[in-house]
Amino acid sequence: RGHFRDSSVEAMLTALRLLALLSCGELFVNGHEAVFVHMEKVAAAHRPSCGRFPWCNVSLPLEQRVDMLVKEITAEEKIAQLGNDLFGGVPAIGRIGLDKYNYIREAARGVLARGGKPPATSFPQVVAMAASFNRSLFREVGKAVGREARYMQDVGVMWGDYLGRYGGLLLQFNVNLFRDPRWGRGQETPGESPELSSAFAEEYVLGIQSPIEGTSTPQAGASCKHFAAYSFEGGPTLLNRTESMRHTLPGHSNLSRHNENAIVSRRDFAESYAKPFKACAKAKALGVMCAYNQVNGVPSCGSKRLLRGLLREKWGFDGVVVTDCDSISDMYALQGFKSTPSETVRAALAAGTNVACSPGFFRKYATPAMNPLLTQALKDALRVRFRLGEFDPPPPLPTWPKVSRGHAELALEAALQSTVLLKNDGRLPLQRNLRLAVYGPLRNATEELLGNYQAWPVDVVTPLDGLRKVATVLTPGDDMELCGTAPMPSRPDADAVIIVAGLTGDDPKVQDPDLRPKYSKLCKGGCLEGEGCDRPNITLPKGQEELVRTAASWNLPVVLVLISGGALDISSVKDLPNLAGIFWMGYPGQLGGNEYLEHVPMNDYSFPARAGYPGRGYRFVQDEWVLYPFGFGLSYDTFSYSWEQLNHPMDVVEAEDEDEGLRGCRLQLQVTSAGKSDASVLFFLRPPSGHSGALQKRLVHFERLNAARSHSLPVTFRPRDFALYVDGNDARDASDEARPQLVTGTWTVEVNQPADLSHEIVVTEQGCSVGSAPILL
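S.K.: Explanation requested: the overall build of the chain in the structure shown.
M.R.: Secondary structure summary: the chain contains 22 helices and 34 strands in total. A buried classification covers 59% of the 777 residues belonging to the chain. At a minimum sequence separation of 6, the contacts of the chain that also span at least 24 residues come to 73%.

Next comes the structure, spelled out in structure tokens:
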């Protein structure tokens, strides 16, 4: 097989050809950037070919091909194939034409390929995209990410004068619930709602795994992380790289994501934590990453109940399970799961873990005596590579203009749909060509706008550059640091004031995330939310709050733009006079500040409220704690909602197990507007009062409507929408799924939050009905 990335001669020729093109000023060829033309020519001349090996016969059944390949691999080679270096992947086996491969490729909202060409498109952070409530957007972004990853794998990435393949096509993304607003990695997730997170997970998987044009081969594989109940960083901890084990730092917290034990009830697991991963399995995701933490005393990567009983046997997952990096060494060194390192490795394999990220511990303590477990794990891993077409005749090579066509426009559209308007006193939108005085620590931000797990460098439009396209921009006053203060400026000679405030999602000065709580000034100051760093509170940094108050005293319209992934408590400034508008760039709802957090320990994984505990998330928290309700967002358009009279029943829908033969019902919503902007319509159900469990409401359906003046929207309610988890508070065996029970009585459907319209639905043991004339399915 041809391996142009491993040839030093080819690398030298690559550099010479590229320099020749650039020195001649030949930057574009028929509108196609010359570097990509060159890359595509080199790739076409060195297409990999499976060739003579029997497992290359595409007419044979998949399992037979996998078995034939695995039989050629020794036990020692299997150990090497299952120990994945985060940067280098697993090694090649030249004698059987098996290429090296990396099972850990990040693509939360864009391919994580830094410093090379082609530049990956950087879409909005996931929590921001989720705020669009737009299923089709989730899938289209997934398609774009998958296309770019396939190009980088088949054609390559140019780093300086070196052309090499991306290394793998299993793309990781985070679908954990944003359980606590202080969690640093909540920005990577679709948010706090299991329903919204599940919808995002399903659509993003289907988008990434869309087939290559003209084939049935997925363009890439989607892998959902971190299974299960991961939502805590803690720390700091220190990685001893020579022993591949983590040790606590003296004088600091001994609790981190590497040794935490998440106590989760059967109800919370089934009702909340499991749902996004169940959606991934339903969408046939090709990968799942198991988490660092324990769940009820059992490491996630060592839990047969999670990885085999639920994920594979009950939900039908048929992909590869990879660990988070160093998880197996954590199981031994920090969690004490087994008494020896080798027993720990054996336990992880037996539980259903396939590929270990950060291979030092695994390769050192896995032994040929584990060959039956190694064989099964390698089959699960290689089966994914077969499905992604690695051992088939290669598909036609695309061109970068074709691959990336429309991606920049899609990123802009995603950003627009992700922006949430929290306040408008009537003075927005501002007119064009005004004199705008722009302040704040993020007014000239670049990489800070991207959040964590970001592709970099990419072309970023700073807030100042964006505003300069529509206004005369002034930048008075000293620059302000995120966590710092600056002398308060005096009133500017301007028509309006823009303040760009918020947080940052990464600290490039402290690369090891586990050391950020100790060494990152941004983390210690509460201005960083990211891997390894939870915030101590959700307050707006003191200097930024003082700036907002000062600007509001100038008798000029002030617009506050908040850039963050997690919630910021702005209760102290939101009603200031002259604060004309507030935009939130990333999180659609938030809680009412630190008084709430005083009642919610970071390590309490329970969602329902109880005595002395106000609960978590919009589904359970009482309104007294809420500043902006989940799904809240204003528009420059005005909308009106009404229920339409149904003249005919809807066709009978396909029955599903959860419906147990009961019948559903439907309503039809009429939405009218001036047709100025798109909008999302959200449907919530409130259960009858007095039921056990204190669920306040939950999202059951949402639709994105385009900017038309009138929409007629049918909304279907199935019996499972009226089923609640009312028991299962015992934390033991959380992975044994609790089952919901149909709750009879009068439910209320609400359109949006706060509710623009409502309707009662009566639920009996036979199903649901709307008013006196039920429309049954």
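This is not the end of the story, as more comes after the structure.
S.K.: I tried to follow helix α20 (residues 542-552) on my own but got confused; where do I start?
M.R.: The periodicity of an α-helix, 3.6 residues per turn, causes residues three or four positions apart to be oriented the same way. Listed in full, the buried residues belonging to α20 are Gly543, Gln544, Leu547, Val548, Thr550, Ala551 and Ala552. Taken together, the buried residues of α20 touch β18 (435-439), β20 (496-502) and β21 (558-563).

S.K.: Sorry if this is basic, but what is going on with helix α10 (residues 304-314) here?
M.R.: Residues of α10 that are buried: Leu306, Leu307, Leu310, Leu311 and Arg312. Down the axis of α10, the buried set is contained in an arc of 160 degrees. They therefore lie on one face. Away from the buried face of α10 by more than 90 degrees, exposed residues Lys304 and Glu313 are located. Remark: Gly316 follows α10 within two positions and exhibits a positive phi of approximately 80 degrees.

S.K.: How should I be thinking about the environment of Met585 in this particular structure?
M.R.: Along the polypeptide, Met585 turns up in strand β22 (residues 579-585). Put simply, Met585 and Val420 are 165 residues apart on the chain and 6.4 Å apart in space, counted from C-alpha to C-alpha. In this structure Met585 touches Thr419, Val561, Leu562, Ile563 and Ser564, once residues within four positions along its chain are discounted.

S.K.: Looking at this structure, I do not really get empty space enclosed by the protein. What am I missing?
M.R.: One pass over the structure, following the stated rule, counts six cavities of 30 Å³ or more. Estimates place the volume of the largest cavity at around 90 Å³.

S.K.: Where do I start with the sheet that holds β20 in this structure?
M.R.: As a general point, the strands of a sheet are linked pairwise by backbone hydrogen bonds and lie either parallel or antiparallel. The six strands are arranged β17-β22-β21-β20-β18-β19 in an open sheet whose pairing can be described as mixed. Each edge of the open sheet carries a strand with a single partner, namely β17 (420-424) and β19 (472-474). Across this sheet, the average inter-strand angle for adjacent strands is 20 degrees, counted without regard to direction. Here β18 runs beside β19; their pairing, made up of three bridges, is parallel. Along β19, the bridge assignment pairs Leu436 with Val473. Its contacts with the sheet place α20 against β18, β20 and β21, and it is angled at close to 170 degrees to β20.

S.K.: Would you mind showing me how to read unusual backbone geometry here?
M.R.: What is expected of a backbone is that most residues other than glycine have negative phi and most peptide bonds are trans. Each neighbour pair has its own omega, and for Lys117 with Pro118 the value is 5 degrees, a cis peptide bond. Its place among the elements puts Pro118 in the loop between β4 (105-106) and α5 (126-130). Following Leu428, the chain continues to Pro429 via a peptide bond in cis, the omega torsion being 0 degrees. One can find Pro429 in the loop between β17 and β18. One non-glycine residue, Asn578, lies in positive phi territory at about 75 degrees. Assignment of secondary structure puts Asn578 in the loop between β21 and β22. Take Asn578: its relative accessible area is 18%, and that puts it in the buried class.

S.K.: I tried to follow the environment of Pro218 on my own but got confused; where do I start?
M.R.: Tracing the backbone through its elements, the reader meets Pro218 in the loop between α7 (194-208) and β8 (221-227). Residues Pro218 and Leu286, spaced 68 residues apart in sequence, show a C-alpha to C-alpha distance of 9.9 Å.

Conventions and cut-offs
Residues numbered from 1 in each chain as written. Predicted model: local features only at pLDDT ≥ 70, side-chain atom pairs only at ≥ 80, totals over all residues. Heavy atoms only, no water. Helix = DSSP H or I, 4+ residues; strand = E, 2+ residues; numbered from the N terminus. Buried < 20%, exposed > 50% of the residue type's maximum accessible area, 1.4 Å probe, protein only. Contact = heavy atoms within 4.5 Å. Arc of directions from axis to C-beta. 1 Å grid on protein atoms, 1.4 Å probe; cavity = no way out; pocket = protein on both sides within 12 Å on 5 of 7 lines; lining within 4 Å. Points joined across faces, edges and corners; volume = space filled by probe spheres on them. Pairing = 2+ DSSP bridges. Axes fitted to C-alpha atoms, helices over the stretch in contact; angles between N-to-C directions.

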